[in-house]
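# Understanding the architecture of this molecule
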Amino acid sequence: MEKLIESIDRNRIPAHVAIIMDGNGRWAKSRGLDRSEGHVEGVNTVRRITEIASEIGVGCLTLYAFSTENWNRPQAEVDALMHLIGIAIERETPDLIRNNVRLRMIGDFGRMPEDARKRLQGCFDATSHCTGLVLNLALSYSGRWDIVEAARLLAADAAKGTIAPDDIDGNLLASRLSTASLPQQDPDLLIRTGGDLRVSNFLLWEIAYSEIEVTDKYWPDFSKEDFLQAILNYQKRERRFGKTSEQIAADGTNK
Ligand code: IPE
Ligand code: IPE
Ligand code: MG
């Protein structure tokens, strides 16, 4: 672990890492446990990865914890997850404060159960002064939901006359997405655990040029070392943003 940390280039730490935390259910099933046990174990991974991300100086860590589509799971699993999210947030708040981590969220807050909303709000308030890592939970979130909300906001502004339809460009649309107020909107690195090669409606706008790392490991098994390895792999990539390799070498924009 120490060796891995040392081999990381401190000048090229991704400012925003986003993770699709997948595989809790399969992890539990492979051990003959209930799916909910996988979610409980997954919370421990959240704690580990938050710690290491904060330690190496990642600015923002966005974790996909519950998608819009996850509301369609069996009610008992949805209830268990919502309960777990509330409990875990409250329990971890003192450690977040100690580590100077600020909790935020993206997603449909109003659709969350009242109890989870209260605990989340408590943690947002208690960590609002923290200036280190921003831990951003995607809850009742989907990329399409967010883009639709942004379209609605823009349409309302246009109807009021505060903007003209012609004013709408990529920057203006991005400014209405729920990710607009994060330290950096677009993730440099997107990690998916659990091995599936899809984005499952996550940050559709923002991942336009994110580097992608997929690991077969289930989320409960994902270690600090795995996270550091993903960062190392990221640092070996050449980000071209549509340009040629020669252009990137000349203007030094690969970061
Ligand atoms: C990810 O694990 C957590 C959530 C989607 C809430 P899953 O519950 O999707 O686990 P698998 O993919 O079924 O193994
Ligand atoms: C993606 O996992 C959503 C979260 C990790 C919260 P899913 O398990 O819901 O994704 P699919 O259904 O396999 O695409
Ligand atoms: Mg899954």
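See above for the structure.
Below, the structure is looked at part by part. The model shown is predicted, which means the values in this text are computed figures rather than measured ones.

Definitions and cut-offs
- Residues numbered from 1 in each chain as written.
- Chains lettered and ligands numbered in written order.
- Predicted model: local features only at pLDDT ≥ 70, side-chain atom pairs only at ≥ 80, totals over all residues.
- Heavy atoms only, no water.
- Helix = DSSP H or I, 4+ residues; strand = E, 2+ residues; numbered from the N terminus.
- Rg over C-alpha atoms; globule rule 2.2 N^0.38 Å.
- Buried < 20%, exposed > 50% of the residue type's maximum accessible area, 1.4 Å probe, protein only.
- Contact = heavy atoms within 4.5 Å.
- Areas by Shrake-Rupley, 256 points an atom, 1.4 Å probe, with all protein chains shown as cover.
- Lys, Arg positive; Asp, Glu negative; His and termini not counted.
- Charge placed at Lys NZ, Arg CZ, Asp CG, Glu CD.
- Near = heavy atom within 4 Å.
- Polar contact = N/O pair within 3.5 Å; in protein donor to acceptor, adjacent residues only side chain to side chain.
- 1 Å grid on protein atoms, 1.4 Å probe; cavity = no way out; pocket = protein on both sides within 12 Å on 5 of 7 lines; lining within 4 Å.
- Sits in = over half its atoms within 2 Å of the grid points.
- Nonpolar A, V, L, I, M, F, W, Y, C, P; charged D, E, K, R; others polar.
- Axes fitted to C-alpha atoms, helices over the stretch in contact; angles between N-to-C directions.
- Parallel < 35°, antiparallel > 145°, perpendicular 65-115°, else oblique.
- Left-handed = near helix turned anticlockwise from the far one by under 90°.

### Quick notes on the overall build of the protein chain
Scanning the protein chain from N- to C-terminus turns up 9 helices and 6 strands. For a compact globule of 255 residues, the expected C-alpha radius of gyration is about 18 Å, and the protein chain comes in at 19 Å, within 12% of that figure. If you line up the protein chain on its principal axes, its C-alpha atoms span 55 × 50 × 35 Å. Per-residue burial over the protein chain gives 46% buried out of 255 residues. Pairs at least 24 residues apart make up 77% of the contacts formed inside the protein chain by residues separated by at least 6 positions. Accessible area for the protein chain stands at about 12,600 Å²; split by element, carbon and sulfur atoms hold 50% of it. Taking the average place of the 32 positive charges on the side chains of the protein chain and the average place of its 38 negative ones, the gap between the two points comes to 2 Å.

### Things to note about the site of ligand 1
Surrounding ligand 1, one finds Met21, Asp22, Gly23, Asn24, Gly25, Arg26, Arg35, His39, Ala65, Asn70, Arg73 and Leu81. Taking glycine 23, its main chain carries an N or O atom lying 3.4 Å from an oxygen atom of ligand 1. Note that an oxygen atom of ligand 1 is positioned 2.7 Å from one of the backbone N or O atoms of arginine 26. Starting from 380 Å² of accessible surface for ligand 1 in isolation, the protein chains cover 88%. Cavity membership is defined here by more than half of the atoms lying within 2 Å of grid points; on that basis ligand 1 lies in the largest pocket. Of all elements in the fold, only helix H2 (24-30) and helix H3 (35-56) reach the threshold of two or more residues within the shell around ligand 1. The leading source of residues in the shell around ligand 1 is H2, at 3 residues.

### Section: the site of ligand 2
Around ligand 2 sit Ile20, Met21, Asp22, Tyr64, Ala65, Phe66, Ser67, Asn70, Arg73, Arg192, Arg198 and Ser200, and those are all the residues in its vicinity. Within the side chain of asparagine 70, an N or O atom sits 3.0 Å from an oxygen atom of ligand 2. Between ligand 2 and arginine 198 there is a distance of 2.8 Å, counted from an oxygen atom to a side-chain nitrogen or oxygen. More than half of the atoms of ligand 2 fall within 2 Å of the grid points belonging to the largest pocket. Among the elements that take part in the shell around ligand 2, strand E2 (residues 60-67) stands out by supplying 4 residues, more than any other. Residues that form the shell around ligand 2 fall into these classes: 5 nonpolar, 3 polar and 4 charged.

### Overview of the packing of H3 against helix H4 (residues 75-98)
Packing of H3 against H4 leaves a shortest axis separation of 10 Å and a crossing angle of 25°. Between H3 and H4, the interaxial angle falls into the category roughly parallel. In this structure, H3 crosses over H4, and the sense of that crossing is right-handed. Counted together, Arg35, Ser36, His39, Val40, Val43, Arg47 and Thr50 of H3 and Glu77, Ala80, Leu81, Leu84, Ala88, Arg91, Glu92 and Leu96 of H4 form the full contact between these two elements.

Just distances and angles here, no functional claims.
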